[in-house]
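# Tertiary structure, described
Single-letter residue listing:
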There are 2 protein chains.
Amino acid sequence: MSNKATIRCPSNIAFIKYWGARDLARAIPVNPSISMTLRSCFSRSTVEWLDEDGEHEIRWRAAEGGLETAPPAFADRVRRHLDFLREWSGQGGRFRVATENSFPSAAGLASSASGFSALTLAVLGALDRQVSPAEQSALARLSGSGSASRSVMGGYVEWPAEGEGEGGSECHAHQLATAEHWDLRNVIAVVERGAKKTSSLDGHRRAETSPYFCTRQACLPERLEAVRRAIEERDFLRLGEVVEAEAIDLHCVAMTSTPAIFYWRPATLLVLEAVREMREDGVAAYSTMDAGANVHVICTPESEIEVAARLSRLDLDLSLIHDGVGNGPVVEPEHLF
Amino acid sequence: MSNKATIRCPSNIAFIKYWGARDLARAIPVNPSISMTLRSCFSRSTVEWLDEDGEHEIRWRAAEGGLETAPPAFADRVRRHLDFLREWSGQGGRFRVATENSFPSAAGLASSASGFSALTLAVLGALDRQVSPAEQSALARLSGSGSASRSVMGGYVEWPAEGEGEGGSECHAHQLATAEHWDLRNVIAVVERGAKKTSSLDGHRRAETSPYFCTRQACLPERLEAVRRAIEERDFLRLGEVVEAEAIDLHCVAMTSTPAIFYWRPATLLVLEAVREMREDGVAAYSTMDAGANVHVICTPESEIEVAARLSRLDLDLSLIHDGVGNGPVVEPEHLF
């Protein structure tokens, strides 16, 4: 048995957002969320288990390809999750970890979702532990990055708010539909490559200070049901209307929190406007954003080229990532170290 | 007796916004609003009453100084208000009107507030009708531009939502404090000189479609009381915190209406951000916006120069208007025609 595993795990884009936790440390959300698992934006994580005492080693691969010591804040979160998984497994020892992202970190592209789901699955691989997808999801969630619970599965994924169980183990995502069920695309307008000023974790903490938080919760059951049905029936217009309104909602809750959180950049507004104009011209496209400045333009395969062409014509310093629904994590034959 | 009068009437900036009407045509608001009457942004209106049958003549003075036929949409609103005031006065006849603004129209600078209050007062002058400030306010309100009810008075003004009376005549503004009570300044960052895409009237119509409208209403009594007390006690920080949150609220309601209304431009976000950064450096300044892209930076006399200097240093195509609390309408000796 090898004590080393490498997993490639995709990011996901939430159609209905996780924003506000009943238990932030264990990532028990206030409301259910629904996402589409991506394919082009992913994290890769190699984990080696060593049957010896000592500190974990946590590195990441920079854009240049070399392995570097991970930044302290990120390394701390990883270390805590490794400690948790070690305790869960009952195996002792220590881990060596290296991770890399295919896309900018901490910029509203859910790098923690892909990063912590990849890490979790790679740890399971290194320990040679076979667990169900539900348990994979719950374990990824317990990293503290709740959206990681959705990234261990492909296609369209719902993460309910119920089922705390022992240690929160019952609160996990499940697949609503496979990627093959509906080929949706996501043209990501990356308007900001740097890290956002306010982390999602701080956003969750402040969410309930917004006077609109409770109103949002009251609207969500109907919105969740609309998204479930739209996915089931492949109803793009229905999906898009709800998804775009939901993203604006998330940011309104953030902007009305105390202290207020503003994630949008000037280019964010211009991309949102461009997408609204596209629709007036009959292009099937809707915007969504996570807690960040970048805009995910959800579209059909037929509209993807037009969406990208129009965004490129904007006089903006943005880069586009062509993404779409994907099949979820894969085991990689090559390791990062 | 002369049948001609010219009134110069200031715009106002709302600290608590009018957004949503119980009766839009008669401008009966859902909630009370509070504003500061300005001095540098004003409309001037000359009205002549002619004791003869025929159409009203409605012109406006363009930037070049010549009189021009007013645009049809604006002329229609003016004509309806002239008809209403003629019926109210019982005098028959017709009016000749010319009007001008000292600032860009329909760009979230409350040009309809100053324009319709100036028009109303000039009609009263041309007809030589002496009425109380309360009745002036109610008559200005009945133009359909509700915020005009606040511009007929100087200083700090509250417009309650109650008191419909006969023909809405009892729903009028009253002064909370004079301009002399508290010298506040308003550095207006004009980021967009053109007319906004969605009128305030359409905004009022859509306000109640926002799921957040009712929540906003529930928050307003506390917010109104905070603003009243802050004005009374000249408590700038208390005022500013509430005023800035209130403006964000207004735009969140707009953005979550059906159809959604987006007033912000890229430069709006950058000015909002700059003002937040000023505060971190101890500069007394808070942002507010009406239904438009421009940002009113409310500040103290001590901070005004620093606010303007910092906004000027932004790499933005914006012009600044230095405004502040003013004393309300004045009769002008010179006519526009």
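Looking now at the sheet that holds strand E11 (residues 285-288) of chain B. Residue and element names in this part refer to chain B. Across the sheet, which stays open at both edges, the four strands sit in the order E11-E12-E10-E13 with antiparallel pairing between neighbours. With partners counted over all chains shown, the strands left at the sheet margins are E11 and strand E13 (319-324), one partner each. Across the sheet, the mean angle separating the axes of adjacent strands is 25° when strand polarity is ignored. Each of E11 and strand E12 (295-299) touches helix H7 (residues 236-255); the most contacted strand, E11, lies at about 25° to it. Running at roughly 10° to strand E10 (residues 185-190), helix H9 (residues 304-313) makes contact with E10, E11, E12 and E13 of the sheet.

Mapping chain B onto chain A calls for a rotation angle of 180° and an axial translation of 0.0 Å; the resulting RMSD is 0.0 Å. The superposition of one copy onto the other is thereby described by a two-fold rotation axis. The rotation axis passes nearest to the C-alpha of B:Pro266 in chain B, at a distance of 2.0 Å. Most of the interface of chain B is mirrored in chain A, where 100% of its interface residues again form contacts.

All right, on to the domain arrangement of chain A then. Residue and element names in this part refer to chain A. Segmentation of chain A into domains returns domain 1 (2-181) and domain 2 (185-324). Relative to domain 2, the C-alpha centre of domain 1 lies at a distance of 23 Å. Contacts between domain 1 and domain 2 engage 37 residues on the former and 48 residues on the latter. With both chains or domains summed, domain 1 and domain 2 bury close to 3400 Å², and 66% of this area falls on carbon and sulfur atoms. Among the residues of domain 1 in contact with domain 2, Phe 15, Lys 17 and Trp 19 are the three that bury the most area, contributing 25% of the side total. In this structure, the connection of domain 1 to domain 2 is made through two salt bridges. In this structure, Asp 290 engages Lys 17 in a salt bridge whose closest nitrogen and oxygen atoms are separated by 3.0 Å. Here domain 1 is connected to domain 2 by 16 residue pairs in polar contact (both at pLDDT 80 or more). Those elements giving two or more residues to the side of domain 1 that touches domain 2 turn out to be strand E1 (4-16), strand E4 (33-50), strand E8 (156-159) and strand E9 (174-177).

Moving on, we come to helix H6 (residues 213-233) of chain B. All names here are of chain B. For H6, built from 21 residues, the straight-helix expectation of 30 Å at 1.5 Å per residue is met to within 8% by its first-to-last C-alpha distance of 30 Å. The largest bend in H6 amounts to roughly 40° and is located at Leu 220, with the proline Pro 221 lying one to four residues further along. Among the residues trailing H6, Arg 234 stands out with phi positive, at a value near 50°.

Here the residue pair A:Thr258 and A:Pro259 is connected by a cis peptide bond, since its omega of -10° sits within 30 degrees of zero. Positive phi, normally seen in glycine, also occurs at A:Ala27, with a value near 55°. The residue A:Ala27 is located in the loop between strand E2 (21-23) and strand E3 (28-29) in this model. For A:Ala27, a relative accessible area of 0% translates into the label buried. Here the phi dihedral of B:Asp128 falls at roughly 55°; this positive angle occurs in a residue that is not glycine.

What follows concerns the interface of chain B and chain A. By a frequent convention, interface size equals the accessible area lost on bringing the separate parts together. Counting residues at the interface gives 21 residues for chain B and 21 residues for chain A. Buried surface at the junction of chain B and chain A, summed over both partners, amounts to about 2000 Å²; 68% is from carbon and sulfur atoms. The three residues of chain B that bury the most area against chain A are B:Tyr212, B:Phe262 and B:Leu269, which together make up 30% of that side's buried surface. Linking chain B with chain A are four salt bridges, by the criterion used here. Between A:Glu273 and B:Lys197 there is a salt bridge, with the nearest N and O atoms lying 3.5 Å from each other. Across the chain B-chain A interface, the total number found is seven residue pairs in polar contact (both at pLDDT 80 or more). Looking at the side of chain B that touches chain A, the elements with two or more residues in it are H6, H7 and helix H8 (266-280) of chain B. A per-element tally of the side of chain B that touches chain A places H8(B) first, with six residues. Its residues assigned to classes, the side of chain B that touches chain A shows twelve nonpolar, two polar and seven charged.

Residue and element names in this part refer to chain A. Residue placement: Ala 207 occurs in helix H5 (residues 200-207). On the basis of relative accessible area, Ala 207 is assigned to the buried category, the value being 0%. Residues Ala 207 and Met 255 lie 48 residues apart in sequence; the distance between their C-alpha atoms is 9.6 Å. If sequence neighbours within four positions are ignored, Ala 207 has contacts with Trp 19, Gly 20, Phe 213, Val 253 and Ser 257.

The rules behind each value
Residues numbered from 1 in each chain as written. Chains lettered and ligands numbered in written order. Predicted model: local features only at pLDDT ≥ 70, side-chain atom pairs only at ≥ 80, totals over all residues. Heavy atoms only, no water. Pairing = 2+ DSSP bridges. Helix = DSSP H or I, 4+ residues; strand = E, 2+ residues; numbered from the N terminus. Axes fitted to C-alpha atoms, helices over the stretch in contact; angles between N-to-C directions. Contact = heavy atoms within 4.5 Å. Least-squares fit on C-alpha atoms with pLDDT ≥ 70 in both. Domains from an automatic or database assignment. Buried area = accessible area lost by both parts, 1.4 Å probe. Salt bridge = Lys/Arg side-chain N within 4 Å of Asp/Glu carboxyl O. Polar contact = N/O pair within 3.5 Å; in protein donor to acceptor, adjacent residues only side chain to side chain. Expected span 1.5 Å × (residues − 1). Bend = angle between axes of the 7 residues up to and from the residue. Buried < 20%, exposed > 50% of the residue type's maximum accessible area, 1.4 Å probe, protein only. Nonpolar A, V, L, I, M, F, W, Y, C, P; charged D, E, K, R; others polar.

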